[in-house]
Amino acid sequence: MRAYLDLCQRIIDQGTWVENERTGKRCLTVINADLEYNVGANEFPMITTRKSYFKSAIAEFIGYIRGYDNAADFRKLGTKTWDANANLNDAWLNNSHRKGEDDMGRVYGIQGRAWAKPDGGKIDQLQKIVDNLSNGIDDRAEIMTFYNPGEFHMGCLRPCMHTHNFSLLGDTLYLTSFQRSCDVPLGLNFNQIQVFAFLALMAQITGKKAGMAYHKIVNAHIYEDQLPLMKDVQLKREPLPLPKLNINPDIKTLKDLETWVTMDDFEVEGYQCHDAIKYPFAV
Ligand SMILES: Nc1nc(=O)c2c([nH]1)NC[C@@H]1CN(c3ccc(C(=O)N[C@@H](CCC(=O)O)C(=O)O)cc3)CN21
Ligand SMILES: O=c1ccn([C@H]2C[C@H](O)[C@@H](COP(=O)(O)O)O2)c(=O)[nH]1
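Predicted, not measured: the structure shown is a model, and the values here were computed from it. Sequence order as written defines the numbering, with residues in each chain counted from 1. Here chains are named by letter from A upward and ligands by number from 1 upward, in the order in which they appear as written. Local features in a predicted model are, by the rule used here, given only for residues with pLDDT of at least 70; side-chain atom pairs are given and counted only at 80 or more, and totals for whole chains, interfaces and linings are based on all residues. Heavy atoms throughout the structure, all of them, feed into the side-chain values; hydrogens and water do not.

## Concerning the nonpolar core
For step 1, the next point in the chain: By size, the foremost hydrophobic cluster in this structure holds 79 residues, and its most contacted members are Val184, Met202 and Phe266.
For step 2, the next point in the chain: Secondary structure elements follow DSSP: runs of H or I of four or more residues count as helices, runs of E of two or more count as strands, with numbering from the N terminus. With 13 residues, the single largest contributor to this core is helix H8 (residues 187-206).
For step 3, the next point in the chain: Whether two residues are in contact is decided by their heavy atoms: any pair within 4.5 Å suffices. Excluding residues within four positions of it along the chain, Phe266 makes contact with Phe54, Lys55, Ile58, Ile62, Leu201, Leu245, Asn246, Ile247, Ile251 and Val261. To define a nonpolar core, start from buried Ala, Val, Leu, Ile, Met, Phe, Trp, Tyr and Cys residues and group those joined through side-chain atoms within 4.5 Å. Accessible area is worked out with a 1.4 Å probe on protein chains only. A residue is then buried under 20% of its type maximum, exposed over 50%, and partly exposed in between.

Quick look at the structure:
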């Protein structure tokens, strides 16, 4: 994907060094990046300039859809991506709201499926969107947001890709996703896949055609210890043609996603890639 590599190159050419207190690592940073993915044409934006683990990325997102708040549940689905934030970050380990091993607190899925109302009860943001879209309704607020500042102190991390806004034009479904903070070597590789798969799945379960997905990023960064691998290895490689994502057509409802779907229900077709690169991860 040329757009991904262009963003990496832009960070290297034009980025500003920013100290990050949370991780204790400096980041080379740019502000504002717009990516778009043609979901209708099934141009799956899986990174080809290194080996990408698409099942892990999709598992993470299905975990959000299911409202998971525990790294063990994510592991069962097929991803270890929440292990470090749930169990290795000192600020979270010492937080009185942490309920024990693997607890992530009130992040992502909890906000998306069970947002706590101040007057009691919960809001299931995703169910409302699915119901509306299935009935051909776009009320211009088909929004699932994980961004709940009133509960940041009760979670291990503030959501990065925090808001997903669906739109319906005729019978074509669009998605605009907003990300406040983006670890370009590691996180973006996953987030591109997630934005694409979210639109593809929502189109499938609401009976609509998938259109474009628009991915808007504010702070896009490369951590200092990731920079040599990006500059000297990944950016020296030529991108290969994009693969296709095949989703089991038996997935027809939100209930299906919540109950029986596994990573075996997702396949990539025609994925060619360069060798794996292991980027350091900042906790
Ligand atoms: N610093 C940081 N960057 C992130 O991208 C990130 C966080 N923290 N915390 C929350 C989630 C967790 N995410 C993660 C966590 C780990 C990988 C990772 O290790 N990826 C490897 C191996 C993947 C695998 O084997 O499944 C990779 O090479 O992509 C990716 C995204 C994305 N988010
Ligand atoms: O989906 C995700 C989740 C996290 N990230 C990255 C972006 C940052 O590098 C860290 C989060 O740190 P903050 O201090 O909370 O900004 O995780 C990502 O790229 N994608």
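## Brief notes about the packing of aromatic side chains
For any two aromatic rings, the description comes down to two numbers: the centre-to-centre distance and the angle of the planes.
For step 1, the next point in the chain: Here a pair means two rings of Phe, Tyr or Trp (six-membered ring of Trp) with centres within 6.5 Å. Their orientation is stacked below 30 degrees between planes, edge-to-face above 60, and tilted elsewhere. Considering all chains together, one arrives at twelve aromatic pairs under this definition.
For step 2, the next point in the chain: Ring geometry for Phe61 and Phe198: centres 4.7 Å apart, planes at 50°, overall tilted. Of the two residues, Phe61 is situated in helix H2 (residues 54-65) and Phe198 in helix H8; the sequence distance between them amounts to 137 residues. The residues Phe61 and Phe198 share a single accessibility class, namely buried.
For step 3, the next point in the chain: Here the guanidinium or amino end of Arg26 rests over the ring plane of Trp17, the centre of that ring lying 4.1 Å away. Ring-over charges, as used throughout, are those where CZ of Arg or NZ of Lys falls within 6 Å of the ring centre and within 35 degrees of the ring normal.

## What to know about the sheet that holds strand E6 (residues 161-169)
For step 1, the next point in the chain: For two strands to be treated as a pair, DSSP must find no fewer than two bridges joining them. Taken in spatial order, the six strands line up as E1-E2-E8-E7-E6-E5 in an open sheet, and their pairing is mixed. With partners counted over all chains shown, the strands left at the sheet margins are strand E1 (16-19) and strand E5 (142-145), one partner each. Looking at each pair of strands side by side, their axes are set apart by 20° on average, direction ignored.
For step 2, the next point in the chain: For E1 and strand E2 (residues 26-38), the ladder comprises four bridges, and the chain directions are antiparallel. What sits directly across from Val18, in E2, is Cys27. Helix axes are fitted to C-alpha atoms over the stretch in contact, other axes to C-alpha atoms as well, and angles between N-to-C directions run from 0 to 180 degrees.

## As for the side chain of Glu60
For step 1, the next point in the chain: Secondary-structure assignment places Glu60 in helix H2.
For step 2, the next point in the chain: Positive: Lys, Arg. Negative: Asp, Glu. His and the chain ends are not part of the count. Just to be clear on terms, a salt bridge is a Lys or Arg side-chain nitrogen sitting within 4 Å of an Asp or Glu carboxyl oxygen. Although Glu60 is buried, it makes no salt bridge; Arg50 carries the closest opposite charge, 12 Å away.
For step 3, the next point in the chain: Polar contacts, as used here, are pairs of N or O atoms within 3.5 Å; protein pairs need one atom able to donate a hydrogen and one able to accept it. Residues neighboring in sequence count only if both atoms are side-chain atoms. One polar contact links Glu60 to Gln194, side chain to side chain, over a distance of 2.9 Å.

## What to know about the site of ligand 2
For step 1, the next point in the chain: Distances are taken per atom, and a residue is near a molecule or strand as soon as one of its heavy atoms is within 4 Å of it. Taken together, 14 residues surround ligand 2, and among them Arg22, Arg180, Ser181, His221 and Tyr223 come closest.
For step 2, the next point in the chain: Here an oxygen atom of ligand 2 and a backbone polar atom of Asp183 are 2.8 Å apart.
For step 3, the next point in the chain: For ligand 2, an oxygen atom lies 2.6 Å from a polar atom in the side chain of Tyr223.
For step 4, the next point in the chain: Computed with a 1.4 Å probe, the accessible areas rest on the Shrake-Rupley method; for each residue, only the protein chains presented here act as cover. Isolated, ligand 2 exposes 460 Å² of accessible area, and the fraction of that covered by the protein chains is 88%.
For step 5, the next point in the chain: Elements supplying a minimum of two residues to the shell around ligand 2: strand E7 (172-183), H8 and strand E8 (209-223).
For step 6, the next point in the chain: Sorting elements by how many residues they give to the shell around ligand 2 places E7 first, with five residues.
For step 7, the next point in the chain: Of the residues in the shell around ligand 2, the class split is five nonpolar, five polar and four charged. When residues are grouped by polarity, Ala, Val, Leu, Ile, Met, Phe, Trp, Tyr, Cys and Pro land in nonpolar, Asp, Glu, Lys and Arg in charged, and all others, Gly among them, in polar.

## Topic: unusual backbone geometry
For step 1, the next point in the chain: For Asn32, which is not glycine, the phi torsion reads 80° and is therefore positive.
For step 2, the next point in the chain: With respect to the helices, strands and loops of the structure, Asn32 is situated in strand E2.

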